[in-house]
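# Tertiary structure, described
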Amino acid sequence: MADGIEIGFGPLEQGGQGPGGSGDLVVFVGDDLALGSAARTALGSAGADLVAKAAASEKFKGRSLSALSLPAPAGVHADRLVVVGLGSEKDRAKIDWPVLGGFTASKVSSRSARVVLDWPGTTVSAEQAGEFALGARLRTYTFDRYKTKKKPDAEEKGGTALTLLLAEHGTASREGEAARTLSEGVILARDLVNEPPNVLFPEEFARRASELSKLGVEIEVLEPAKMRELGMGALLAVAQGSVREPRVVIMRWNGGPAGEAPIAFIGKGVVFDSGGVSIKPGGGMEDMKGDMGGAAAVVGALHALASRKARCNVVGAIGIVENMPDGGSYRPSDIITSMSGQTIEVINTDAEGRLVLADVITHIVRSAKPKAMVDLATLTGAIIVALGQDIAGMFSNDDALAANINAAGEATGEKVWRMPLIPAYDKAIDSKFADMKNTGGRHGGAATAASFIKRYVEEVPWAHLDIAGVAMSSNASEINRSWGAGWGVRLLDRLVRDHYEAR
Ligand code: BES
Ligand code: MN
Ligand code: ZN
């Protein structure tokens, strides 16, 4: 991977024995500026004095996520010394390890750096080092595939090698491997979201998802003839205005006991959402290449789960279509029949995601009989109005599943906020001419969309994550500088790990 940084692990003693004085040496201090014993050994007493002096003159106070960079003092085996602040004792008790890893990676400037994970009062565990490594990998990701002139800085960063030094280095390589494959899953999802729709049309998306077969994932690709046979009238209606054929990809990871009901992940994969005949305004329409962020998260999660051979049966299913205006497009007032048999009056062709999800959900509910189901979709602008860009909306018919997803969100930082599902929202989508209509009016747009999906989940414990605000056009963070966030991969991986995997 061009974007990858190399991350290795070593014993703390290596801090004092760097490869002949090259690269960066990174040490950590709290707001008392006290060094851990390994860092102190690596710096020597002259080095430690210099750090204290530099801190004073540069007004470096050791605050959380601040850094001081200076030429390495004589006797220290490095070119440069980077001191990273960890803040108060309270800050140090609740370190966000991926964030610290991301921040640290951004402060390293040489091709190689040794990172001394040692400070007073803490023994960094292998798992924490793994999360640190994850953050470092995610931070250094850039999507520059279509830049013919790469920024020299990007190439420099791309070549960075970090060696994390810690007491538990022996078991860290296993955690490091898990962090690597999880970061690969996130990066796969980011790449898919960032790709333009002329490159990533449904067939190509299906091809890329099919590559998970290399990891032992069973792949089934449904083409339009099969969709017609199954009666997927809702998904096909959305696709009919595009010259690009739709695909449904079903990915099965059978890491659990044979015959055990799987957990299902469903993703909205609209490779481009023009709105169709109910066309969107021009401004910002280019963002709608990211309308497949849900499908990307499902593919990324399956990559991560299969790579670490998760002991769980998982089925991922994505509906991949392009929503375009055309003489052959579906139109407002059309009445279509979904695979479930329920009929839908089309009010607005821009409310297409729920139509795609409806048929994929029906197919999975009936064919895979999942014990729980989570759908991820960049479904509504309304959820962005309600919650902004830092937290996803969650709707669920099952308190236990909702609690598990909430916990996974807190653990990974991919947070969700539960929203209500009340009968009034369901009533809002009743139609004069069909069983339901595909929009519920101006008010409560995210909730009426969720209520629409609810009509297709039958009795399955289900949660719907509206990720329109978090999947793309992301706020820059310590672990992400990319437009496409790859949001949801870490959440789903964690959900499986903490709640659905045999231990
Ligand atoms: N893909 C959009 C939702 C969206 C908007 C995602 C902005 C990311 C950023 C979705 O298909 C859509 O167009 N929803 C409409 C629904 C409306 C027509 C009922 C919306 O939110 O306006
Ligand atoms: Mn739309
Ligand atoms: Zn859409």
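A quick note: this is a predicted structure, and the numbers were derived from the prediction, not measured. (Residues numbered from 1 in each chain as written. Chains lettered and ligands numbered in written order. Predicted model: local features only at pLDDT ≥ 70, side-chain atom pairs only at ≥ 80, totals over all residues. Heavy atoms only, no water.)

## Structural notes on the domain arrangement of the chain
For the chain, the domain assignment lists domain 1 (6–167) and domain 2 (182–499). The C-alpha-based centres of domain 1 and domain 2 are spaced at 39 Å. At the junction of the two partners, domain 1 supplies 16 residues and domain 2 supplies 19 residues. Summing both partners gives a buried area of about 1,500 Å² for domain 1 against domain 2, and 58% of it is carried by carbon and sulfur. It is Leu 138, Arg 139 and Tyr 141 that lose the most area in domain 1 upon contact with domain 2, and together they represent 44% of the buried surface on that side. Scanning the region where domain 1 abuts domain 2 turns up 5 salt bridges. Between Arg 494 and Glu 131 there is a salt bridge, with its nearest N and O atoms 3.9 Å apart. Elements with a contribution of two residues or more to the side of domain 1 that touches domain 2: helix 3 (97–107) and helix 4 (126–139). Ranked by the residues each element gives to the side of domain 1 that touches domain 2, the list is headed by helix 4, at 7 residues. By residue class, the composition of the side of domain 1 that touches domain 2 is 9 nonpolar, 2 polar and 5 charged. (Domains from an automatic or database assignment. Contact = heavy atoms within 4.5 Å. Buried area = accessible area lost by both parts, 1.4 Å probe. Salt bridge = Lys/Arg side-chain N within 4 Å of Asp/Glu carboxyl O. Helix = DSSP H or I, 4+ residues; strand = E, 2+ residues; numbered from the N terminus. Nonpolar A, V, L, I, M, F, W, Y, C, P; charged D, E, K, R; others polar.)

## So, the pattern of salt bridges
Summed over the entire model, instances satisfying the criterion amount to 34 salt bridges. For Glu 229, the salt bridge goes to Lys 226, with nearest N and O atoms at 3.5 Å. Note that Glu 229 and Lys 226 are positioned in helix 8 (residues 224–230) at a spacing of 3 residues, about one turn of the helix. Residue classification places Glu 229 among the exposed residues on the basis of a relative accessible area of 62%. Between Arg 331 and Asp 334 there is a salt bridge; the shortest N-O distance is 2.8 Å. (Buried < 20%, exposed > 50% of the residue type's maximum accessible area, 1.4 Å probe, protein only.)

## Comments concerning the packing of helix 6 (residues 169–194) against helix 16 (residues 489–500)
Helix 16 packs onto helix 6 with a crossing angle of 140 degrees between their chain directions and a minimal axis gap of 9 Å. Comparing their axes, helix 16 and helix 6 come out oblique. Between helix 6, through Leu 182, Gly 185, Val 186 and Ala 189, and helix 16, the contact on the second element is made entirely by Val 489, Arg 490 and Asp 493. Its residues placed into classes, the contact of helix 6 with helix 16 shows 4 nonpolar, 1 polar and 2 charged. (Axes fitted to C-alpha atoms, helices over the stretch in contact; angles between N-to-C directions. Parallel < 35°, antiparallel > 145°, perpendicular 65-115°, else oblique.)

## Let's talk about the coordination of the manganese ion (ligand 2)
For the manganese ion (ligand 2), every protein donor is listed as Asp 273 (OD), Asp 350 (O), Asp 350 (OD) and Glu 352 (OE), and the spread of their distances is 2.0 to 2.2 Å. Note that the manganese ion (ligand 2) binds 6 donor atoms; their angles at the metal cover 71 to 167 degrees, and the shape is irregular. Site description for the manganese ion (ligand 2): donor spacing in sequence, D-x76-D-x1-E. Taken as a pair, the manganese ion (ligand 2) and the zinc ion (ligand 3) show a spacing of 3.2 Å, with Asp 273 coordinating each metal. Of the residues examined, Asp 350 reaches a relative accessible area of 23% and is grouped as partly exposed. (Donors = N, O, S within 2.8 Å, 3.2 Å for Na, K, Ca; no water. Tetrahedral: all angles 85-135°; square planar, octahedral: opposite > 155°, others 65-115°.)

## Things to note about the sheet that holds strand 14 (residues 343–345)
What the 3 strands build is an open sheet, ordered 13-14-18; its pairing is mixed. Both edges of this open sheet fall to strand 13 (335–337) and strand 18 (436–437), since each of them pairs with a single strand only. (Pairing = 2+ DSSP bridges.)

## With respect to the coordination of the zinc ion (ligand 3)
Between any two of four tetrahedral donors, the ideal angle at the metal is 109.5 degrees; between two of six octahedral donors, it is 90 or 180 degrees. Binding of the zinc ion (ligand 3) to the protein goes through Lys 268 (NZ), Asp 273 (OD), Asp 291 (OD) and Glu 352 (OE), at separations of 2.0 to 2.4 Å. Because the angles between the 6 donor atoms bound to the zinc ion (ligand 3) fall within 78 to 173 degrees, the donor set is best described as octahedral. Summarised as a motif, the one-chain spacing of the donors to the zinc ion (ligand 3) is K-x4-D-x17-D-x60-E.

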